[in-house]
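# Structural overview for review
Listed below, chain by chain, are the residues.
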Amino acid sequence: MKKLTYSAIINKTKDFVFDKLTDKSVYPKWAKAWGDGMTYVGEWKKGGYMSYFDNSQGGTKVIFEDLKPNEYIKAKHIAMVNPDNVEVELTDDMMKKWIGSLEEYYLNEEGSDITKLEIVMTVDEAFQDMFDTTWPKALNYFKEVCESYS
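This text gives an overview of the structure that appears in the document. Since the model is a prediction, treat every value here as computed from it, not as a measurement. (Residues numbered from 1 in each chain as written. Predicted model: local features only at pLDDT ≥ 70, side-chain atom pairs only at ≥ 80, totals over all residues. Heavy atoms only, no water.)

Helices and strands together make up the secondary structure of the protein chain, namely four helices and eight strands. Along the protein chain, from the amino end to the carboxyl end, the secondary structure elements read β-α-α-β-β-β-β-β-α-β-β-α. Referenced to the eigenvectors of the C-alpha coordinate spread, the extents of the protein chain come out at roughly 50 × 30 × 30 Å. Per-residue burial for the protein chain yields a buried fraction of 43% across its 150 residues. (Helix = DSSP H or I, 4+ residues; strand = E, 2+ residues; numbered from the N terminus. Buried < 20%, exposed > 50% of the residue type's maximum accessible area, 1.4 Å probe, protein only.)

Okay, structure coming up:
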């Protein structure tokens, strides 16, 4: 497993950034880095489950191992889901390598109304090229969305 780190400085408060990060209506605007029609189903709480997917290809299911509002989120990927959000059998090596991956979000105050959002992915190295392309795009989209609110 390899740790990959991505970050963005967002000119908004930590609570604002966390609110937008967990806002279902905002999610497709920045998750489009992974594809159109992205959505999720589940609960933003420690011990809660969430499925992130699109309606054509499916996606992944996580359990929130830790979640501290406005500060930190730790999600462990535990299953793959189909477009109807039903868990599917792991049929190929890439799916098997994905299960157990960790996704962590850190929100740090960098100054008055400035937040550093840092993403740490602990994944099989096979996913590095994809994330090196998609996370910077996603963070740029997320920053634009957050800063477009007055």
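As a further point, take the packing of aromatic side chains. Inspection of the entire model under this criterion finds 16 aromatic pairs. With a centroid separation of 6.0 Å and 65° between ring planes, the pair formed by Tyr40 and Tyr52 is classed as edge-to-face. Here the residue Tyr40 occupies a position in strand β2 (residues 38-42), and Tyr52 occupies one in strand β3 (residues 49-54), the gap between them amounting to 12 residues. Note on accessibility: Tyr40 and Tyr52 belong to one class, buried. Taking the centre distance of 6.4 Å and the plane angle of 65° together, the rings of Trp44 and Tyr52 count as edge-to-face. (Phe/Tyr/Trp six-rings, centres within 6.5 Å; stacked < 30°, edge-to-face > 60°.)

Considering only enclosed or pocket space, the largest pocket measures out at about 710 Å³ in volume. Together, 27 residues line the largest pocket, and Trp34, Met38, Gly59, Thr60 and Trp98 are the ones closest to its centre. Elements represented by at least two residues in the lining of the largest pocket include exactly α2 (27-31), β3, β4 (58-68), β5 (72-81), α3 (93-98), β7 (102-111) and α4 (128-147). The residue makeup of the lining of the largest pocket, split by class, is 17 nonpolar, seven polar and three charged. (1 Å grid on protein atoms, 1.4 Å probe; cavity = no way out; pocket = protein on both sides within 12 Å on 5 of 7 lines; lining within 4 Å. Points joined across faces, edges and corners; volume = space filled by probe spheres on them. Nonpolar A, V, L, I, M, F, W, Y, C, P; charged D, E, K, R; others polar.)

Working note: non-glycine residues mostly have negative phi, and peptide bonds are mostly trans. The residue Asn70 is not glycine, and still its phi comes out positive at about 70°. Positionally, Asn70 belongs in the loop between β4 and β5. The phi torsion at Asn85 lies on the positive side, around 65°, for a residue other than glycine. Position of Asn85 relative to the elements: it lies in the loop between β5 and β6 (87-88). Judged by its relative accessible area of 25%, Asn85 falls in the partly exposed class.

Time to look at empty space enclosed by the protein. One pass over the structure, following the stated rule, counts two cavities of 30 Å³ or more. Around the largest cavity, the lining residues are Leu21, Tyr27, Trp30, Trp44, Tyr52 and Tyr105. By residue class, the composition of the lining of the largest cavity is six nonpolar, no polar and no charged. Forming the walls of the second largest cavity are Tyr52, Phe64, Ile73, Ala75, Glu103 and Tyr105. Residues belonging to the lining of the second largest cavity are distributed by class as follows: five nonpolar, no polar and one charged.

Before going further, it helps to spend a moment on helix α1 (residues 14-21). Taken residue by residue, α1 has Val17, Phe18, Lys20 and Leu21 as its buried positions. Along α1, the residues classed as buried sweep out an arc of 165° about the axis, all on the same side. (Arc of directions from axis to C-beta.)

The analysis is restricted to geometry; functional conclusions fall outside its scope.
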